[in-house]
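Working through the structure, step by step
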Amino acid sequence: MDNLKSLIRTIPDYPKPGIMFRDVTTLFRDPEGFELAIIAMARPFRTQRIDAVAGIEARGFILGGAIADRLGCGFIPIRKKGKLPGKTIGQEYTLEYGVDAIEIHDDAIEEGQRILIVDDLIATGGTAEAAIKLVRQTGGEIVGAAFIIDLPEIGGRSKIEALDVNCHVLVEFDGH
Ligand code: AMP
C-alpha cells in the first residue's frame, strides 16, 4: 500500500487555503497502481453477495465502475443535484469545503438489494453519510463502504461506522 500511497499527489491549498487536496488522478493514470487499487478495494467483498456498487460522483464513478465489473454486479450512480434524468430523491450534506446535495434515482435499488458504497476519499464523512441515507431510503441494505483514502484526524470513518456501516480503506493521510 506504500507504493499506492506514493502514487497519490498532494496539492496544498486546493480548493481553498488549508486543504491538502489528495489527487488520485496520478494513481488512476498508472496502470499497475489503478489495478492494485481496484483489486484491494474489492477484495473483502468478493466472498459476499453484492447486488450493486453505488458510486459517488465523480471519482467514485471511476472506481465504482471498475469494482462492480470485478465483483460481477451492477453499478448505480449517486450524482450531484440536478444531473440525473429520472425521478430522484436527494440529500443535502456538508463537505470539508462547502455544502452540496447528492441524488439517486428513486427506482435505482430494489427492496433488500445489497449495496457497496464507493468513493475515493473520506474526510468528514458527510458525503458518505448522505449516500448511506439515500441507499437506505430507496430500500437498499448496505454491505460496506470502500475508499482509497481516509483522513483519520477528521473522524469521518467513525461517523460512518456509528451508522453500522463497515468501512474499508486502503491508505491514511495525516491532517486535513
Ligand atoms: P467528506 O464528505 O468531508 O467526507 O468529503 C469527501 C468528498 O470530498 C469525497 O468525494 C472527496 O473526493 C472530496 N474531498 C474532501 N476532502 C478532500 C481532500 N482533502 N482531498 C481530495 N478530495 C477531498
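Each value, and the rule that gives it
Residues numbered from 1 in each chain as written. Predicted model: local features only at pLDDT ≥ 70, side-chain atom pairs only at ≥ 80, totals over all residues. Heavy atoms only, no water. Helix = DSSP H or I, 4+ residues; strand = E, 2+ residues; numbered from the N terminus. Contact = heavy atoms within 4.5 Å. Areas by Shrake-Rupley, 256 points an atom, 1.4 Å probe, with all protein chains shown as cover. Lys, Arg positive; Asp, Glu negative; His and termini not counted. Charge placed at Lys NZ, Arg CZ, Asp CG, Glu CD. Phe/Tyr/Trp six-rings, centres within 6.5 Å; stacked < 30°, edge-to-face > 60°. Lys NZ or Arg CZ within 6 Å of the ring centre and 35° of its normal. Buried < 20%, exposed > 50% of the residue type's maximum accessible area, 1.4 Å probe, protein only. Polar contact = N/O pair within 3.5 Å; in protein donor to acceptor, adjacent residues only side chain to side chain. Pairing = 2+ DSSP bridges. Axes fitted to C-alpha atoms, helices over the stretch in contact; angles between N-to-C directions. Salt bridge = Lys/Arg side-chain N within 4 Å of Asp/Glu carboxyl O.

Describing the overall build of the chain
- Along the chain, the regular secondary structure elements total six helices and nine strands.
- Counting only C-alpha atoms and orienting by the principal axes, one finds that the chain spans roughly 40 × 35 × 30 Å.
- Here the analysis covers contacts within the chain between residues at least 6 apart in sequence; of these, 60% occur between residues at least 24 apart.
- Just so you have it, the chain exposes about 8400 Å², and 46% of that area is on carbon and sulfur atoms.
- Each charge class in the chain was averaged separately, 20 positive and 27 negative side chains, and the resulting centres sit 2 Å apart.

Focus on the packing of aromatic side chains
- By the definition in use, this model includes three aromatic pairs.
- Taking the centre distance of 5.9 Å and the plane angle of 90° together, the rings of F61 and F75 count as edge-to-face. Of this pair, F61 sits in helix α4 (residues 59–71) while F75 sits in strand β4 (residues 74–80), and the two are 14 residues apart along the sequence.
- In this structure, K5 is placed above the aromatic ring of F173, and the distance from its NZ or CZ to the ring centre is 4.8 Å.

Here's the deal with the side chain of D120
- Mapped onto the elements of the fold, D120 is located in strand β7 (residues 114–122).
- Since its relative accessible area comes to 4%, D120 is described here as buried.
- Engagement of the side chain of D120 in a polar contact is seen with the side chain of R59, the distance being 2.6 Å.
- Each residue touching D120, except ones within four places of it in the same chain, is listed here: V24, R59, L63, F147, I148 and I149.

A few points about the sheet that holds β4
- Read from one edge of the open sheet, seven strands run β5-β6-β4-β3-β7-β8-β9, paired in mixed fashion. Each edge of the sheet is formed by a strand with only one pairing partner; in this case those strands are β5 (88–95) and β9 (167–172). If you compare each strand with its neighbour and ignore which way they point, the axes differ by 20° on average.
- Here α4 sits on the sheet and contacts β3 (52–56), β4, β7 and β8 (141–150); the angle it forms with β7, its principal contact strand, is near 140°.
- The sheet contacts of helix α5 (residues 126–137) involve β3, β4, β5, β6 (98–105), β7 and β8, and relative to β5 the element is tilted by about 160°.

Here we look at the side chain of D150
- With respect to the helices and strands, the residue D150 is situated in strand β8.
- Apart from the residues within four sequence positions on either side, D150 is in contact with I122, R157, V169, V171, E172 and F173.

A few points about the pattern of salt bridges
- Using the criterion set out here, one finds nine salt bridges in the structure.
- Here D23 ties to R9 by a salt bridge, and the two come within 2.7 Å at their closest N and O atoms. Of this pair, D23 sits in strand β2 (residues 20–23) while R9 is found in strand β1 (residues 9–12), placing the two residues 14 residues apart along the sequence.
- On the basis of relative accessibility, which here comes to 39%, the residue R9 falls in the partly exposed class.
- The closest approach of N and O atoms between K159 and E129, which form a salt bridge, is 3.9 Å. Of this pair, K159 sits in helix α6 (residues 156–161) while E129 sits in helix α5, placing them 30 residues apart in sequence.
- Among the ionic contacts, a cluster of salt bridges with common partners joins E129, K133 and K159.

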